Amino acid sequence: MLAGPRASTLRAGAGRLVAGFGGDGPGGDGPGGDGPGARGNPDADPATAARVLARARDLARDGGYAGLSVLLQPRQPRRQPRSPGRSRNRMDDAETGEPLYVDNAGLILFNPFLPLFLERLGLLAPDEDGVPRVTGTEAASRAVHLMQYLVDGRCDRPEPQLVLNKLLCGLAPSEPVLRAIEPDEADRAVCDGVIQAVIDNWTIIRNTSPAGLRETFLQREGRLQRDADRWTLQIQRKTVDILADQIPWNRSVVYHRWMTAPIHVVW
């Protein structure tokens, strides 16, 4: 309990504070006021509430009660967590450590088929060290958009939605690509063949249609986070994913020679 001269000072100051902001002075609820709550309820006026808190802190500090002064500091608003629905993926988010959100996380199911997919499309070329890579804006654009074709049959998705595609092609999230491409008949045939290969080799869903595969497993929300030497992709889990546990190939780590870093998958 507060006692002594300092307590008297604090109580006296508090009395003046009440009188000035909500007691018997003009605008208060007491005699001579302008009506209930006109000035007497600080919560009704944020500016008044701020002045009350500031004055109370001054009185506590001047009275020698530093701890009380600290307790009277205004609360900082809580920072709301980001979610896939709120994020719009700026291309520099990865460099600043911010997570990136995607809605095609099921692309990683094509992991063992990606080398053949890119080879048949003619998009891999050896670099000076003999490592196959996707090089050049045209090749990169075709690779990125045709991967999206696997997911939803489209080749004109906005670039912020193609982050995972870029990583799987060995590109940085900020690497520019064309806004859209026009797939030809040969491109569609390669894509359709890869989709069917996934269905045929995933025995438990062998009777599923390409549309069913896309809607159930490929069009899935995910969160990408860059770590020191890897990417981590956390995928939204659904009840039907008990079938995903029956996939006969690796989907926990995705890495190919042309990629800059492995993707560790949490599904």
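Heads up: the structure comes first, above all this text.
Being a predicted model, the structure only gives us computed values, none of them experimental. Chains are numbered independently. Their residues run from 1 in the order of the written sequence. With the structure being a predicted model, the display of local features is reserved for residues of pLDDT at least 70 and the display and counting of side-chain atom pairs for 80 or more, all residues being used for whole-chain, interface and lining totals. As a convention, hydrogens and water are excluded, and side-chain values are obtained from all of the structure's heavy atoms.

Now for the overall build of the chain. What the chain contains, in helices and strands, is 8 helices and 7 strands. Out of the 267 residues belonging to the chain, those deemed buried represent 40%. Numbered from the N terminus, helices here are DSSP runs of H or I no shorter than four residues, and strands are runs of E no shorter than two. A 1.4 Å probe rolled over the protein chains alone gives each residue an accessible area, and that area as a share of the maximum for its type sets the label: buried under 20%, exposed over 50%, partly exposed in between.

Here strand E5 (residues 231-235) shows a clear split, with Trp231, Leu233 and Ile235 buried on one side and none of Thr232 and Gln234 buried on the other. The criterion for strand pairing is that DSSP finds at least two bridges linking the strands in question. As paired elements, strand E4 (residues 222-226) and E5 share 5 bridges and run antiparallel to each other. When the sheet's bridge partners are listed, Arg223 is paired in E5 with Gln234. What sits between the antiparallel neighbours E4 and E5 is a turn of 4 residues. As defined by bridge partners, E5 adjoins strand E7 (residues 263-266) across 4 bridges and the pair is classed as parallel.

With that settled, the discussion passes to the sheet that holds E7. Taken in spatial order, the 5 strands of this open sheet run E1-E4-E5-E7-E6, and their pairing is mixed. Edge strands, defined here as strands with exactly one partner in the open sheet, are strand E1 (100-102) and strand E6 (253-254). Both E6 and E7 contribute to a ladder of 2 bridges, which runs antiparallel. Bridging across to E7, Val254 finds its partner in Ile263.

So, on to the pairing of E4. Summarising the sheet, E1 and E4 pair through 3 bridges and their orientation is antiparallel. Within E4, the position partnered with Leu100 by the bridge is Leu224.

So, about the packing of helix H5 (residues 137-152) against helix H7 (residues 185-201). The angle between two axes is taken between their N-to-C directions and runs from 0 to 180 degrees, where each axis is a line fitted to C-alpha atoms and a helix contributes only its stretch in contact. Following both chains from N to C, one finds H5 and H7 inclined at 50°, their axes separated by 10 Å at the closest point. As summarised for this structure, H5 and H7 are arranged oblique, according to the angle between their axes. When the axes of H5 and H7 are compared, the crossing they make is right-handed. Facing Arg142, Leu146, Tyr149 and Leu150 of H5, the residues of H7 in contact are Asp187, Arg188, Cys191, Asp192, Val194 and Ile195. Any angle that is under 35 degrees is reported as roughly parallel, and any over 145 degrees as roughly antiparallel; angles of 65 to 115 degrees are reported as roughly perpendicular and all others as oblique. Rotating anticlockwise by less than a right angle from the far helix to the near helix defines a left-handed crossing, while the corresponding clockwise rotation defines a right-handed one. Throughout, a contact is declared for two residues whenever any of their heavy atoms are within 4.5 Å.

This brings us to the pattern of salt bridges. A side-chain nitrogen of Lys or Arg and a carboxyl oxygen of Asp or Glu constitute a salt bridge if their distance falls within 4 Å. Under the definition given, this model contains 10 salt bridges. For the salt bridge of Arg142 with Asp187, the shortest nitrogen-to-oxygen distance reads 2.6 Å. With Arg142 in helix H5 and Asp187 in helix H7, the pair connects residues that are 45 residues apart, well separated along the chain. We classify Arg142 as partly exposed; its relative accessible area is 21%. A single salt-bridge network, built from bridges that share partners, covers Arg237, Asp245 and Arg251.

On to the environment of Asp103, then. Position of Asp103 relative to the elements: it lies in the loop between E1 and helix H4 (114-120). Here the alpha-carbon distance between Asp103 and Arg223, two residues 120 residues apart in the chain, equals 8.8 Å. Apart from residues lying up to four places away in sequence, Asp103 is in contact with Gln161, Leu218, Gln219, Arg220 and Glu221.

Our focus in this paragraph is the packing of aromatic side chains. Under the pairing criterion, centres of Phe, Tyr and Trp rings, with the six-membered ring standing for Trp, must be within 6.5 Å; the plane angle then separates stacked pairs below 30 degrees from edge-to-face pairs above 60, leaving the rest tilted. This structure, assessed with the given rule, holds 2 aromatic pairs. Consider the rings of Phe113 and Trp249, whose centres lie 5.4 Å apart with planes at 90°: the pair is edge-to-face. Here Phe113 is found in the loop between E1 and H4, whereas its partner Trp249 is found in the loop between E5 and E6, with 136 residues between them in sequence. Accessibility expressed as a relative area gives 14% for Trp249, which makes it buried. Pairing Trp202 with Phe217 gives two aromatic rings, centres 4.8 Å apart and planes at 55°, and the pair type is tilted. Of this pair, Trp202 sits in the loop between H7 and helix H8 (210-218) while Phe217 sits in helix H8, placing them 15 residues apart in sequence. For Trp202, a relative accessible area of 0% puts it in the buried group. Of the residues examined, Phe217 reaches a relative accessible area of 4% and is grouped as buried. Directly above the ring of Tyr149 sits Arg214, whose terminal nitrogen or CZ lies 5.6 Å from the centroid. In this scheme, Lys NZ or Arg CZ marks a charge over a ring once it lies within 6 Å of the ring centre and within 35 degrees of the ring normal.

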